[in-house]
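# Survey of secondary and tertiary structure
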Amino acid sequence: MKMKIAIAGAGYIANIHAQAVKAQKDVELVAVVEKFPKMSKPFAKKYNILHQYETIEDLLKEGGVDALVIGTPNALHAPQAIAALKAGLHVMVEKPMAMNVSEAEQMMKASQKYGARLMVAHCWRFDRDVLWLKAQTGKLGKIIRTKSYGVHVNWGPSGWFTQKKHAGGGAMADMGIHALDTARFLLGDPKPVSVYAKIGTYYKNFDVDDTGVIIVEWDNDAISYIESGWWQPHADGLEAATQLYGIKGFGQLFPTFIKDRHERLKDAGFPFPREEHCPQSMYDDQLAYFLDCIRRKRTPVPGGLEGLTNMRVVEAAYRSTKTHKVVEIG
Ligand SMILES: NC(=O)c1ccc[n+]([C@@H]2O[C@H](COP(=O)([O-])OP(=O)(O)OC[C@H]3O[C@@H](n4cnc5c(N)ncnc54)[C@H](O)[C@@H]3O)[C@@H](O)[C@H]2O)c1
C-alpha cells in the first residue's frame, strides 16, 4: 500500500518537500495543512493534493495519513509535531526543531511514548559534497577544529523569520544551525561540552539576531567556530561551508577537497560552483531516508536527539551572549 503523506505549510520549503514526495515511489501526497487558503489552494492544485486543512486538529480528525512533513514557522513545529506524534503519525520537522530545548525534549518524549518516528530535517547530511567529505575524514587524522558559516550576503528573510515570537531566534537559529549541524555531523556527532558566543542585531531593526559567532567545545576534544548572518557585507564563499582541520590534513566544502600538509590529495569532482546551493536532490534523498526509516522501523539520524543537541547549543549560545560567559552544557 502507498504511504500517505501530509505537508504542513505551503510556503518555500513546503514546495521543495512536495517535489521530494513526488520524486518517491509508493507514496502519495494526500493533504496540506495551511492556515491561509490563498496559500493552500494553489499549492493543492500544483501538486494535485486531495485534502486541504487549516489546522493539524482537522487533519487528525479526518485521519488516513501515515506521515507529516512540517514546514511551518518555527513556533508551530513543536505543537504540530506533538499532536501528530500523539496520533501515531511519523513526523519530519524542519530545522530548527523547536523554539527551545524544552519544546525539543517534549517532541522527543512524544515520539518515544507513541512509537512514531521523529526526524529533523538537517538537510546538509544528505548533500553529496558533505557525504563525500565525511567519507574522507579518516584520511585527515584526528580533527581538532572546524570552521563553518551559514551567511546571507546583502539579503535576509522578512516576515515571521524576523519576529522572535514566531521564529525563536534569527540568523543563528536559521542559518547558523545548518553550519553547526554540518560541523557536528562531520565530526561524528560528538556531544557539546561548552559554548561561548556573541550574537546580536546590527544590520536591521528587528527583535532577532542578524550576526553571530559561536565557539563550541566537544567531548572528543575538538572545537568548532561557527558564524551566522543575514545582511552581511561579505561571506568567505557561498551561502554556507565548512572546513576541517585534522592532525594529518585539511578538508573543506565548496569547492570540496582534502589535502595533506603540502598538497591536494583528492577532489570531490562535483561541479563547482553549483547550479543551486541547495539542490533539490538533497531534499529528495532526505525524504527517501525518512520513508526508509518508517518502513524499517528505525530511529532516524538526524532525529530528535540530533535536533535537540543542536537546540542545546543554540540555547546555550544565546545565554552566553547575555552573560558574556562560557556556558557549560551538562
Ligand atoms: N532546510 C532548509 O533548507 C530550509 C529552507 C527554508 C526554510 N526552512 C525551514 O522551513 C520552515 C518554513 O520556512 P519557509 O521558508 O518555508 O517559510 P514560509 O513563510 O515560506 O512558509 C511557511 C508557511 O507556513 C504557513 N503557516 C503559517 N501559519 C500557519 C499555521 N498556523 N498552520 C499552517 N501553516 C501555517 C504560511 O502561510 C506559509 O505558507 C522554517 O522552519 C524554516 O527554518 C528550511
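In case you missed it, the structure is sitting above this.
For the structure given in this document, a descriptive report is provided here. Computed from a predicted model, the values in this text were never measured in an experiment. (Residues numbered from 1 in each chain as written. Predicted model: local features only at pLDDT ≥ 70, side-chain atom pairs only at ≥ 80, totals over all residues. Heavy atoms only, no water.)

It is worth spelling out the overall build of the protein at this point. What the protein contains, in helices and strands, is 10 helices and 15 strands. Compactness check: the protein gives a C-alpha radius of gyration of 20 Å against a globular reference of 20 Å for 330 residues, within 12% of the reference. Overall, the protein is about 60 × 40 × 40 Å in size when its C-alpha atoms are taken along their principal axes. Here the protein holds 330 residues, and 55% of them are scored as buried. When contacts within the protein are restricted to residue pairs at least 6 apart in sequence, long-range pairs at least 24 apart make up 70% of them. Carbon and sulfur atoms make up 53% of the accessible area of the protein, which amounts to about 15,300 Å² in all. Taking the 42 positively charged and 36 negatively charged side chains of the protein as two groups, their mean positions are separated by 2 Å. (Helix = DSSP H or I, 4+ residues; strand = E, 2+ residues; numbered from the N terminus. Rg over C-alpha atoms; globule rule 2.2 N^0.38 Å. Buried < 20%, exposed > 50% of the residue type's maximum accessible area, 1.4 Å probe, protein only. Contact = heavy atoms within 4.5 Å. Areas by Shrake-Rupley, 256 points an atom, 1.4 Å probe, with all protein chains shown as cover. Lys, Arg positive; Asp, Glu negative; His and termini not counted. Charge placed at Lys NZ, Arg CZ, Asp CG, Glu CD.)

Turning to the pairing of strand S1 (residues 3-8), a few remarks are in order. Counting buried positions along S1 yields 5 of 6 residues, so the element is predominantly enclosed. Where S1 meets strand S2 (residues 27-33), 6 bridges bridge the pair, whose relative direction is parallel. Among the inter-strand pairings, isoleucine 5 is bridged to a residue of S2, identified as leucine 29. The parallel pair S1 and S2, bridged by helix H1 (residues 12-22), forms a crossover whose chirality is right-handed. (Pairing = 2+ DSSP bridges. Right-handed = clockwise from strand over helix to strand, strands pointing away.)

Of all residues adjacent to the ligand, which total 25 residues, the nearest are Ile13, Glu34, Asn74, Trp160 and Tyr283. One of the side-chain nitrogen or oxygen atoms of glutamate 34 is found 2.6 Å away from an oxygen atom of the ligand. A distance of 2.8 Å separates an oxygen atom of the ligand from a polar side-chain atom of tryptophan 160. Here the ligand, which alone exposes 840 Å², has 85% of that area covered by the protein. Of all elements in the fold, only H1 and helix H4 (77-86) reach the threshold of two or more residues within the shell around the ligand. Residues of the shell around the ligand, tallied by class, amount to 13 nonpolar, 8 polar and 4 charged. (Near = heavy atom within 4 Å. Polar contact = N/O pair within 3.5 Å; in protein donor to acceptor, adjacent residues only side chain to side chain. Nonpolar A, V, L, I, M, F, W, Y, C, P; charged D, E, K, R; others polar.)

A few words on the packing of aromatic side chains. The final tally for this structure, using the stated rule, is 7 aromatic pairs. Between tryptophan 124 and phenylalanine 254, the aromatic rings sit 6.0 Å apart at their centres with planes inclined by 65 degrees, giving edge-to-face as the arrangement. With tryptophan 124 in the loop between strand S6 (118-121) and helix H6 (128-136) and phenylalanine 254 in the loop between strand S12 (250-252) and strand S13 (257-259), the pair connects residues that are 130 residues apart, well separated along the chain. By the burial criterion, tryptophan 124 is buried, and phenylalanine 254 matches it. Stacked on the ring of phenylalanine 185, the Lys or Arg lysine 134 has its end atom at 4.9 Å from the ring centre. In this structure, lysine 204 is placed above the aromatic ring of tryptophan 231, and the distance from its NZ or CZ to the ring centre is 4.0 Å. (Phe/Tyr/Trp six-rings, centres within 6.5 Å; stacked < 30°, edge-to-face > 60°. Lys NZ or Arg CZ within 6 Å of the ring centre and 35° of its normal.)

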